Amino acid sequence: GRVASEMCIRASGPDMLQVRLEALDSVDALELLVRTAPEDVPIRADSTAQWIVDLCGGWPFYLQTMGHAVVCEVRGGRRGALVRATAVEELYLDVLLRGHRALFSARWSELPRLARAALLSGGPGRLPDVGRLARTERAALRDAYLHDPRRGWLVASDLPWLDWIARHHRELTDALWQEGR
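Remember, predicted model here, so these are calculated numbers, not experimental data.

Colleague: How should the environment of leucine 176 be read in this particular structure?
Modeller: On the secondary structure map, leucine 176 appears in helix 10 (residues 169–180). Placed 60 residues apart in sequence, leucine 176 and arginine 116 show a C-alpha to C-alpha distance of 7.9 Å. The contact partners of leucine 176, leaving out residues within four places of it in the chain, are Arg113, Arg116, Ala117 and Leu120.

Pasting the structure below:
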């Protein structure tokens, strides 16, 4: 399937409304976290919200997931995420990367093999230098809506997905190798 960040088209009777889905800028991402926090769990822009944005970027799904996780933690008597960046990082690993492994894994599996191989070729935690890739690899990345020759990496702002790929690089590389046998 097409990457959700490219386009979402909503039918409204005979009219169509085309909406471009993309990451929020950091100001709007911080505002989303701060304004949607319940009164009993205030999320401050200069601490918890900033730590979340630093880890997740501006994609609303990730921000909402992490904001909800912080609220659940605090309501459960664990206030660490309000005062320590390391507590937010632990939530990020547990709730987002591990808790949504199926989402990241399904997204990975949807990609054509050549696009997956090209993404992994940069090494753990690095996007590959597109100029050094074969034409077929560049085309696979373009066709999968991962890279655009004019706009560059379309997934560069998807920090959690790239982090998930980096943390599973060896496992994904091994699976790709097995797939090619």
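Colleague: Quick question: what am I supposed to make of the packing of helix 2 (residues 48–56) against helix 5 (residues 85–98) here?
Modeller: Closest axis-to-axis distance for the helix 2/helix 5 pair is 10 Å, and the angle between their directions is 45°. By the angle between their axes, helix 2 is oblique relative to helix 5. Of the two elements, helix 2 crosses helix 5, and the hand of that crossing is right-handed. On helix 5, the residues touching Thr48, Trp51, Ile52, Leu55 and Cys56 of helix 2 are Ala85, Val88, Glu89, Tyr92 and Leu96. Residues that form the contact of helix 2 with helix 5 fall into these classes: 8 nonpolar, 1 polar and 1 charged.

Colleague: I keep staring at the packing of aromatic side chains and nothing clicks. Help me out?
Modeller: The description of an aromatic ring pair rests on the distance of the ring centres and on the angle between the ring planes. In this structure the tally under the stated criterion is 4 aromatic pairs. What links up through ring pairs into an aromatic cluster is the set Phe61, Tyr62, Phe104 and Trp164.

Colleague: Just to check I follow, could you spell out the pattern of salt bridges for this structure?
Modeller: Any two side chains of opposite charge can pair if their charged atoms end up close together. Under the counting rule described, the total for this entry stands at 10 salt bridges. Between glutamate 31 and arginine 35 there is a salt bridge whose closest N-O contact spans 3.3 Å. You can see glutamate 31 and its partner arginine 35 sitting in helix 1 (residues 26–36), 4 residues apart, about one turn around the helix. Measuring nitrogen to oxygen at the nearest pair gives 2.5 Å for the salt bridge that ties arginine 44 to aspartate 46. Aspartate 46 gets classed as exposed once you look at its relative accessible area, which sits at 55%. Overlapping salt bridges bring together Arg113, Arg116 and Glu179 as one network.

The rules behind the values
- Residues numbered from 1 in each chain as written.
- Predicted model: local features only at pLDDT ≥ 70, side-chain atom pairs only at ≥ 80, totals over all residues.
- Heavy atoms only, no water.
- Helix = DSSP H or I, 4+ residues; strand = E, 2+ residues; numbered from the N terminus.
- Contact = heavy atoms within 4.5 Å.
- Axes fitted to C-alpha atoms, helices over the stretch in contact; angles between N-to-C directions.
- Parallel < 35°, antiparallel > 145°, perpendicular 65-115°, else oblique.
- Left-handed = near helix turned anticlockwise from the far one by under 90°.
- Nonpolar A, V, L, I, M, F, W, Y, C, P; charged D, E, K, R; others polar.
- Phe/Tyr/Trp six-rings, centres within 6.5 Å; stacked < 30°, edge-to-face > 60°.
- Salt bridge = Lys/Arg side-chain N within 4 Å of Asp/Glu carboxyl O.
- Buried < 20%, exposed > 50% of the residue type's maximum accessible area, 1.4 Å probe, protein only.

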